[in-house]
Amino acid sequence: MKTARIFLSAALALLVGLSAAAAPYVVLKNGRRVEGTAIKSISGIISITLANGQVQQVKPGEYIEAGGGPKPASLQQAEAALKAKNFDEAAKLFVQAEKEARGLDHGTSASIGYADALLGKGDAAGAVAAYNKLIGGNAELKKNPAVAWGRRKAMLANKDFGALSRDLDAVAANGTRADAAKAQNMRGDIAIAQNNVQDAVLEYLRTAILFTDCNDQQILGEACYKAAEALASMRDARNKDLYRKAATDYPASSYAAQAKAKM
């Protein structure tokens, strides 16, 4: 019986691992999607093995995106180092992983991770430059939420308030309701970074009150929690009500536990 359980656990783990790796693909400039059985990148030149065994090469500028296949070991190691807050080691590993998967989705993940590692080291300017380089190599990545919001986070840390505010205005005007709500929260973050605490409270409350229709617990929980934190710094007793709202109304938010501890 014990052997059977071990076999079942191993089999399930294998299936989960297999399902986690998407099938290799390339999306060409004309929008046509090419799928295959294997994919690799050499300096951004993509080689995808088709179902018939033939290998098709696609050069930079000929495709919009490419990816799939197993995550490189260097990327897994880099992500582990970043999680452990070994930022110097993570940065080195992300550079290696990006070289191994340049032009692929894993390469994009490595570039984002590299920027995050630089932020962790306190190099906000370097993180902004890393995002700008990534977008400069492929303008389509401006539409990638991880890239777009990661870049805005780096701009906030680098105190690029003017450029960031203009970017957030564009997001609010042209993005989804969830995007607009996230932009509103980041306006509050800008106010906090400039020590305009009262303005920050108003920005966060605008999200909490005006964007409930976005139905995103993370965004709304963040707004309530950060408004409560700002009020607490002002010694305003109403912070307790907002901590309670963050904890009880938005329990799926990553801010819920912190809010509950301060109720």
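One can find the structure itself at the top, above this paragraph.
Below or above, wherever it landed, is the structure these notes cover.

What counts as what
Residues numbered from 1 in each chain as written. Predicted model: local features only at pLDDT ≥ 70, side-chain atom pairs only at ≥ 80, totals over all residues. Heavy atoms only, no water. Core = buried A, V, L, I, M, F, W, Y, C linked by side-chain atoms within 4.5 Å. Buried < 20%, exposed > 50% of the residue type's maximum accessible area, 1.4 Å probe, protein only. Helix = DSSP H or I, 4+ residues; strand = E, 2+ residues; numbered from the N terminus. Contact = heavy atoms within 4.5 Å. Pairing = 2+ DSSP bridges. Axes fitted to C-alpha atoms, helices over the stretch in contact; angles between N-to-C directions. Parallel < 35°, antiparallel > 145°, perpendicular 65-115°, else oblique. Left-handed = near helix turned anticlockwise from the far one by under 90°. Nonpolar A, V, L, I, M, F, W, Y, C, P; charged D, E, K, R; others polar. Polar contact = N/O pair within 3.5 Å; in protein donor to acceptor, adjacent residues only side chain to side chain.

1. Some thoughts on the nonpolar core
Core analysis: the largest hydrophobic core is formed by 25 residues, its most contacted members being Ala-181, Cys-224, Tyr-225, Leu-242, Tyr-243, Ala-246 and Ala-259. When residues of this core are traced back to their parent elements, those giving at least two are helix H8 (177-193), helix H9 (197-210), helix H10 (217-233) and helix H11 (239-249). Broken down by element, the residue count for this core peaks at 9 residues, all from H10. Not counting chain neighbours up to four residues away, the residues in contact with Tyr-243 comprise Tyr-225, Ala-228, Glu-229, Ala-232, Ala-259, Lys-262 and Met-263.

2. Focus on the sheet that holds strand S4 (residues 45-49)
Taken together, the 3 strands give an open sheet; going across it, the order is S3-S4-S5, and neighbouring strands pair in antiparallel fashion. The open sheet terminates on both sides in strands that have one partner only, identified here as strand S3 (38-42) and strand S5 (55-58). Neighbour-to-neighbour, the strand axes of the sheet open up by a mean angle of 20°, direction not taken into account. As defined by bridge partners, S3 adjoins S4 across 5 bridges and the pair is classed as antiparallel. If you follow Ile-42 over to S4, its bridge partner there is Ile-45.

3. Things to note about the sheet that holds strand S1 (residues 25-28)
Taken in spatial order, the 3 strands line up as S2-S1-S6 in an open sheet, and their pairing is antiparallel. Two strands bound the open sheet, and with one partner strand each, they are strand S2 (33-35) and strand S6 (63-67). The mean angle between the axes of side-by-side strands here comes to 15°, regardless of whether they run parallel or antiparallel. Alignment of S1 against S6, held across 4 bridges, turns out to be antiparallel. By the bridge assignment, Val-27 is partnered in S6 with Glu-65.

4. So, the packing of helix H5 (residues 124-137) against helix H6 (residues 145-157)
Where H5 contacts H6, the two axes come as close as 8 Å, and the packing angle between them is 150°. On the basis of their axis angle, the class for H5 and H6 is roughly antiparallel. Relative to H6, H5 is oriented so that their crossing is left-handed. Touching Ala-124, Ala-127, Val-128, Tyr-131, Asn-132, Leu-134 and Ile-135 of H5 are Ala-146, Val-147, Gly-150, Arg-151, Ala-154, Met-155 and Ala-157, all from H6. The residue inventory of the contact of H5 with H6, partitioned by class, reads 11 nonpolar, 2 polar and 1 charged.

5. Considerations on the side chain of Ser-47
Turning to its location among the elements, Ser-47 is positioned in strand S4. A relative accessible area of 10% places Ser-47 in the buried class. Among the polar contacts made by the side chain of Ser-47, one reaches the side chain of Gln-57 at a distance of 3.4 Å. Not counting residues up to four positions away in its chain, the partners in contact with Ser-47 are Ala-38, Ile-39, Lys-40, Val-55, Gln-56 and Gln-57.

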